[in-house]
Amino acid sequence: MTIKDKKIDVLILAAGMGTRMKSSKPKVLHELLGKPMVEYILDAVKDLCSETPVVVVGSGAEEVKTKLGDKARYVLQDLQLGTAHAVSCAKEMLKGKSDAVIVANSDFPLITTETYTALLEEHFRTGSKLTVSTVIADNPRGFGRVLRDNTGRIMRIVEDKEANTEQKLIRELNSNPYCFDTEWLWNSLDKVEKSAVGEYYLTDLIKIAYDEGLSVGSIEVEDRDESIGINTRVHLAEASVALQKRINTKWMLEGVTMIDPEKVYIEDSVTIGRDTVLYPEVYLRSGTTIGEGCEIGPSVLIKNTQIGNRCRILFAMLESARLENDVDMGPFGHLRKGAHLDEHVHMGNFGEVKNSHLGPGTKMGHFSYLGDAEIGPNVNIGAGTVTCNFDGENKFKTEIGEGAFIGSDTMLVAPVKIGKGAKTGAGAVVTHDVPDETIVVGVPAKPIKKKQE
Ligand code: UD1
Ligand code: MG
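Residues numbered from 1 in each chain as written. Chains lettered and ligands numbered in written order. Predicted model: local features only at pLDDT ≥ 70, side-chain atom pairs only at ≥ 80, totals over all residues. Heavy atoms only, no water.

Undergrad: Sorry if this is basic, but what is going on with the overall build of the protein here?
TA: A count of helical and extended segments in the protein gives 9 helices and 43 strands. Along the first, second and third principal axes, the C-alpha atoms of the protein reach 105 × 40 × 40 Å. Buried positions account for 51% of the 453 residues belonging to the protein. If you take every contact in the protein between residues at least 6 apart in sequence, the share linking residues at least 24 apart comes to 41%. (Helix = DSSP H or I, 4+ residues; strand = E, 2+ residues; numbered from the N terminus. Buried < 20%, exposed > 50% of the residue type's maximum accessible area, 1.4 Å probe, protein only. Contact = heavy atoms within 4.5 Å.)

Okay, here's the thing in structure tokens:
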């Protein structure tokens, strides 16, 4: 028997208020490394469930649904009457549809696919009606305590607020997720009674199973980080650090060097090639890919950008840009949307490029702005060059041909074309197109004859 032969549904409980986050945003949408916490769960279970996972929404329901879209199906829990009540809201949708239902709290984003798989395997191996995930820890963090009988069988879970002094000392805690036999779950939920605090506890099903003489299965979650549940922003930070460590470790094992891994921030969807070195204070945000043998940092933020091999980037910010192989950039550069630096481009101090292509081998050493420009190969952009691309109402294009030399402090008043091999003198204000191999100087720039050789 493999779990692949079984029909599995996944139910994520996400209707709670998350009051302790002190936020106008629903708790489950708070992000860890650029991704809402609940999305980590959806991603971890996506290959295990037979149908799209179901999320129980309540507080901030519309916001959650908008954000997650068709990654989930939804059921509404109007009033938050406890975790058992939350599960019962999905009864109509899920009854009779599967062999087992995994129930996961939405605020445990670090639980891995391996743990969900281990839970399912244990559940089917033992043939239990219900299987729980426990963690052994000195700090109970408000979790329910697992009570076992003399023979070691799980009898019940007692909630933190209801545990007596002796029970509070128990180090085996209820981590979640749970796995239920589908039929047993829907037949047993109605037996859960209201607790002293007025909530219906899902954990009461453990007592119900034990009292029916059924054995409750369990797995132990050994990696404590997986059991970081998020109730406050302190927990959120704790989970972020643990996740960052997990991601960074993965990339180091894939051949990426990190000078100080604690100071490198890599979001979930980023990819990095071998022998790339990341210096401290590097932020690689979603949609970014980095090739092999690059040196990135210190102090670089890259978002939604594709970078080739052997690039060097120092003190910079790159957004929605593209760098081909062997680009050298920085210190202090800013690439904005649509910047495309071709092979062997050198971009020195304090440059900004937006919606422009710099051809192979082009050099832009110091203090320049290129916007809406098409720059040919092997062009020299002198210090202080500016494409004046905006007249207050519209944007215009600048084109510069192969091998042109743009003198320091040239203002290129777009729309304007500079021909191949053309030159502009220092301080030129170019308002008209410049033919190939022509030198222009002055304000406004006018052609001059080349000196006789
Ligand atoms: C729960 C468990 C506890 C366990 C801990 C960590 C119960 C009764 N207790 O406690 O044993 O140690 O998680 O795994 O289940 N939710 C709803 N609707 C509700 C109430 C809660 O959707 O009416 C959702 C919350 O959004 C959250 C999850 O269920 O994602 C857990 O609820 P929470 O109130 O945080 O339970 P804990 O007190 O942490
Ligand atoms: Mg909780």
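Undergrad: Honestly, helix α8 (residues 204-211) in this entry has me stumped. Any pointers?
TA: Because each turn of an α-helix spans 3.6 residues, side chains separated by three or four positions in sequence point in the same direction. Every buried residue of α8 is listed here: L205, I206, I208 and A209. The arc that holds every buried residue of α8, seen down its axis, measures 160 degrees, which confines them to one face. As for α8, its buried residues are in contact with β7 (130-136), β9 (154-158), β11 (178-181), α7 (182-188) and β12 (216-220). G213 occupies a position one or two residues after α8 and carries a positive phi of about 80 degrees. (Arc of directions from axis to C-beta.)

Undergrad: Any chance you could explain the site of ligand 1 here in plain terms?
TA: Looking at ligand 1, there are 22 residues lining it, with L13, Q77, T83, N174 and S175 nearest. The separation between an oxygen atom of ligand 1 and a polar main-chain atom of N174 is 2.6 Å. Burial of ligand 1 by the surrounding chains reaches 88%, relative to a free accessible area of 740 Å². Of all the secondary structure elements, the ones that give two or more residues to the shell around ligand 1 are β1 (8-14) and α3 (83-88). (Near = heavy atom within 4 Å. Polar contact = N/O pair within 3.5 Å; in protein donor to acceptor, adjacent residues only side chain to side chain. Areas by Shrake-Rupley, 256 points an atom, 1.4 Å probe, with all protein chains shown as cover.)

Undergrad: Just to check I follow, could you spell out the packing of aromatic side chains for this structure?
TA: How two aromatic rings sit relative to each other is given by the distance of their centres and the angle of their planes. If you walk through the whole model with that rule in mind, you get 6 aromatic pairs. Arranged with centres 6.1 Å apart and planes meeting at 25 degrees, the rings of Y178 and F180 form a pair that is stacked. Per residue, the accessibility class of Y178 equals that of F180, and both read buried. Between Y265 and Y283, the ring centres sit 5.5 Å apart and the planes meet at 45 degrees, which makes this aromatic pair tilted. Of the two residues, Y265 sits in strand β14 (residues 264-266) while Y283 sits in strand β17 (residues 282-284), which places them 18 residues apart along the sequence. Following the ring pairs from residue to residue traces out a cluster consisting of F315, F332, F350 and F367. The ring of Y40 has K35 sitting right over it, with the charged end atom 4.3 Å from the ring centre. The ring of F390 carries the charged tip of K395 above its face, separated from the ring centre by 5.1 Å. (Phe/Tyr/Trp six-rings, centres within 6.5 Å; stacked < 30°, edge-to-face > 60°. Lys NZ or Arg CZ within 6 Å of the ring centre and 35° of its normal.)

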